[in-house]
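Listed below, chain by chain, are the residues.
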Amino acid sequence: MSLRRNAATLTAAVLAAATLASCADSERSDDGGGEGGGGDGTFVFGAAGAPEMFDPFYATDGETFRVTRQMFEGLVGIEPGTAEVVPELATEWTPNDDGTEWTFTLRDDVTFHDGEAFNAEAVCYNFERMFDQNEAGQTAGEYWGYVMGAFSNDAENSLYQGCEATGEFEATVSISGPTSGFPTMLSLESLSMQSPKALEEGDANGIAAEGEGFSFPAYANAPVGTGPFTFGEYDEANGTISLARNDDYWGDAAQTSELVFRVIPDESTRRQELEAGSINGYDLPNPVDWAGLEEDGNSVEVRDPFNILYLGLNGEGNPALKDLNVRKALYHTLNRDQLVSTQLPEGAAVATQFMPDTVSGYNTELEPYAYDPEEAKRLLAEAGAEDLTLNFAYPTEVSRPYMPDPEKIYEALRTDLEAVGITVNVKTASWNGGYLDNVTAGKYDAYILGWTGDYDSPFNFVGTFFGNLKENDFGTEAYPWGKQLADDLKAADAVVDDAERGAAFETINQQIMDEYLPGLPISHSPPALVVGPGVEGVVPSPLTAEEFDSVSVGGE
Amino acid sequence: MLRFVVRRILQMCLVAFVLSMLIFVWLRSLPGGPVSAILGERQTPARRAALEAALGLDQPLHVQYLRFLERASQGKFGVSTKVLPGEDALQVFLDRLPATVELSLLALFLAIALGIPLGYMAARRHGSAVDTGAVIFSLVGVAVPVFFLAFLLKYFFAVEWNLLPVSGRQTTGLDATRVTGMFVLDGILTREWDASWDAFKHLILPAVALASIPFAVIFRITRASVLDVLDEDYVRTAEAKGLTARVVRGRHVLRNAMLPVVTTIGLQVGGLLAGAVLTESVFSYRGIGDALATAFREKDYAVLQVLILMGAVIFVLVNLLVDIAYALIDPRIRTR
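Here the residue numbering is sequential within each chain, running from 1 through the sequence in written order. Going through the entries in the order they are written, you letter the chains from A and number the ligands from 1. Only residues with pLDDT of 70 or above have their local features reported here, since the model is predicted, and side-chain atom pairs are shown and tallied only from 80 upward, although totals for entire chains, interfaces and linings are computed over all residues. Excluding hydrogens and water, the side-chain figures rest on all heavy atoms present in the structure.

Labelled according to an unreviewed UniProt entry, chain B appears under the name ABC transporter permease, originating from Nocardioides glacieisoli. UniProt positions are given in the numbering used here, feature names are shortened, and annotations may be inferred rather than shown by experiment. Here chain B is described in UniProt, under the heading Sequence similarities (unreviewed entry), as follows: "Belongs to the binding-protein-dependent transport system permease family." The Subcellular location (unreviewed entry) comment attached to chain B in UniProt states, word for word, "Cell membrane".

The name given to chain A in an unreviewed UniProt entry is ABC transporter substrate-binding protein, and the organism recorded there is Nocardioides glacieisoli. Under the UniProt heading Sequence similarities (unreviewed entry), the entry covering chain A gives this text: "Belongs to the bacterial solute-binding protein 5 family."

This is the structure we're talking about:
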């Protein structure tokens, strides 16, 4: 290529660049540029995944709720650091005698981020909006379906029956019958209060099924709540979500002027980002890193366990498991003290029942089944199941707060089972690649799974497991006591008085562990989050529902 | 030449059609699916059935495929369920493409800029310490897993020495204007030089990690090819004619040795797309590779289909361009 041709090419490239440059103008604001946020600092949190969208009603995953929690509030809230229900947008609430009508007294000093007033009309608009969903919305509005049972097209089967503005700041919500979940369920992110005007203008209910997914209306990306932060922008190309402090917030103003979530799926990268000082914290650090993180000057904030890991059993798939003695034998083979101390993070505990001790209805009298291989062998012999074979499964490609490393937990359990002569056929599948489907379809004799509570309600634990006779992973319908257990759970859940209800669940927990034993509760694990030097005010939540308005970022 | 190009494009359409069918069937034959990913521990047979019905996954496979074709003919490839819920899958691809193009171009540039001169130098000094050292260096490039190399790069350059960012595409809080989606170019176009420099710094480590394998391949092919050409009669003849070393190198050795190298570079583009899945994941770099990894993990069918399909189309297109470049380098090809 000649020198002349080189020069021509270079000239053309420069001209092209100059032409392109003249087509694009900077859209920087005058105060923009440079790094970081404004005067009171920016708290940057490393998120493990991107949010689905920003309308909490249609959201289903923790990463979305982590963001929306900072912008939205419910009628009731959760006391930071506990699972206890406290006033939020409602200052108090009282039920009628049979627990079917709940009158909420609302705060009178709240406005939505768009300046609209928060009042009883807004509350009822929100309830009706959630209740009145089209077909796609009924499927996508999973949490409403889960806690309320049905939507307006099936009103008879819905827990929610109506809402009436009985005063400017007083709303009465009717439900079909008393339940331990109400009004606690109103602390769920999905049931947060949103601006009626914004909902209307953004066609918030205009969700549609399209292809194999849902297309969301404009509102899903322009959320308007009442919380301490307002929505800024979702820079999808860079994986950041920015929220700005709500200067008109009714409560104490947020400690930082900006809150940023950076999507960093890889856990080791999140740790490196923290070490490099480019993020201020992240969730679910690997338990093996806790000590190292603390040594480096970070704070590992350990939450109280609000979960349960269990070994599920399927008597339909393996008839030997229908014998209570066999199930008890399996329980006696498991050295859970050793499992907890070697495979689970510090603060984990051996489970005595299917719920953690922070939930009302927890039975403090129950003792863990002792690790006793000899007793296990005796019980197996008594049941004629000395040559028991189990198709025992664990999931791959997943980590959950109750099982940080499923494979290691599984190996410990398998070793114990094989030590008493049980033959274990190892089964495995990836979490989204068939494991859950196989569990639901009853394809495994035994499997490990768990649950993290949504809110402080015993029914949210044991009711989820055994309350639906036809559809539960333990196959309780096949047992003579299955229907009785489901009925007892529903009856206990409907008790209006808190103390009586708690006592009823304690009794059921005792029956589950002594008489039924549909599965084997293993442990409760405390998940943690970590923040870097200079970060203060993080209050770890058992529900993994931290609010970041109390967080300040100081100098190093 | 035109007929050749048209024929190849028609072939590409056929490949895309057959591939779409294969991907469609393959994805749905895998265990699990988007319903599991969406419902998690909450799934029950009833909830599962309701969601499957809402998403049309309860229909027979051929009905699902016909619906897919019908939508695809209207330019709709389905909406994402997890990567960017609610967004059209094709739009997800288009949104993520600039990031991967930017990364791949720099990686390819590094691989070529290092691989060809080093390969040439190693061949010219065949058997010397330089040759041995370069071969070992290239072997390391192939042998070290990308995720491990990425970890080392991040640990030393970002954490220990604080020279470069750990991950991402641009520093949080930088008020940068977006034009093309290629952040370095955007900064140049808008004269936001700090934004451009910041994006470039974010590109360096992932580009080095991504370039490691193509570099090694290009180096080795160049070296072998130059060694072959150096033995050719026409090189000896050129030297005997008294041509300068520069002319012999440029016109006779390098130009002839480049033919297999150009083909290799074309093939490496496909490799770059595959490598981007791992590289982008470990660097939280939001390109096509990162989207593909998320889509596979979360069983986002629509996004998976589009990304794999478009990956194949890009691969075929790049190879078409390589064939054209090949013809330009070697006039004999044009006459065939």
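K.L.:
Tell me about the pairing of strand E10 (residues 229-235) of chain A, and name the residues and values.
P.N.:
Residue and element names in this part refer to chain A. We call a residue buried when its accessible area falls under 20% of the maximum for its residue type, exposed when it is over 50%, and partly exposed in between, using a 1.4 Å probe and counting protein chains only. Strands here are runs of E lasting at least two residues and helices are runs of H or I lasting at least four, both read from the DSSP assignment and numbered beginning at the N terminus. Burial within E10 is extensive, with five of its seven residues counted as buried. Pairing geometry for E10 and strand E11 (residues 240-245), over six bridges, is antiparallel. The partner of Thr230 across the bridge, within E11, is Ala244. At least two bridges found by DSSP between two strands is the condition for calling them paired.

K.L.:
Which residues make up the interface of chain A and chain B, and what are the values?
P.N.:
The extent of an interface is frequently quoted as the accessible surface area lost upon association of the parts. The interface of chain A with chain B comprises 60 residues on the first partner and 69 residues on the second. Throughout, the accessible surface (probe 1.4 Å) given up by two parts as they are put together, summed over both, is called the buried area. Interface of chain A and chain B: buried area, both sides summed, is about 5,600 Å²; carbon and sulfur atoms make up 49% of it. Summed over the three residues of chain A that lose the most area to chain B, namely Arg28, Glu212 and Asn432 of chain A, the buried surface amounts to 15% of that side. Salt-bridge detection follows one rule: a side-chain nitrogen of Lys or Arg within 4 Å of a carboxyl oxygen of Asp or Glu. A salt bridge links Glu52 of chain A to Lys82 of chain B; its shortest N-O distance comes to 3.5 Å. Contacts described as polar in this section are N or O atom pairs within 3.5 Å, which, within protein, must combine one atom able to donate a hydrogen with one able to accept it, while residues neighboring in sequence count only if both atoms come from side chains. Our enumeration of links across chain A and chain B arrives at 17 residue pairs in polar contact (both at pLDDT 80 or more). Should any heavy atoms of two residues lie within 4.5 Å, those residues are counted as being in contact.

K.L.:
Break down helix H3 (residues 45-55) of chain B for me, citing the residues and quoting the values.
P.N.:
If you check which residues of H3 of chain B are buried, you get Arg48, Leu51, Ala54 and Leu55 of chain B. Down the axis of H3 of chain B, the smallest arc covering the buried residues is 130°, so these residues share one side. For H3 of chain B, the secondary structure elements touched by its buried residues are helix H4 (135-140), strand E8 (208-210), strand E9 (213-215) and helix H13 (431-440) of chain A together with helix H2 (34-39) of chain B. Taken from the residues just after H3 of chain B, Gly56 of chain B is the one with a positive phi, measuring 75°. The arc in question is the one traced by the directions running from the helix axis out to the C-beta atoms.

K.L.:
Give me the lowdown on helix H16 (residues 498-516) of chain A, citing residues and values where you can.
P.N.:
Residue and element names in this part refer to chain A. The end-to-end C-alpha distance of H16, which contains 19 residues, comes to 25 Å, matching closely the 27 Å that a straight helix rising 1.5 Å per residue would cover. Listed as buried for H16 are Arg501, Gly502, Phe505, Ile508, Asn509, Gln511, Ile512, Met513 and Tyr516. Contacts made by the buried residues of H16 are with helix H9 (324-333), helix H14 (458-466), helix H15 (482-493) and strand E20 (519-524). Its side-chain oxygen placed 3.1 Å from the backbone nitrogen of Ala499, Asp497 serves as the N-cap of H16. Once H16 finishes, Leu517 follows within two positions and takes phi at roughly 45°, a positive value. A helix's residues, less one, multiplied by 1.5 Å, set its expected span.

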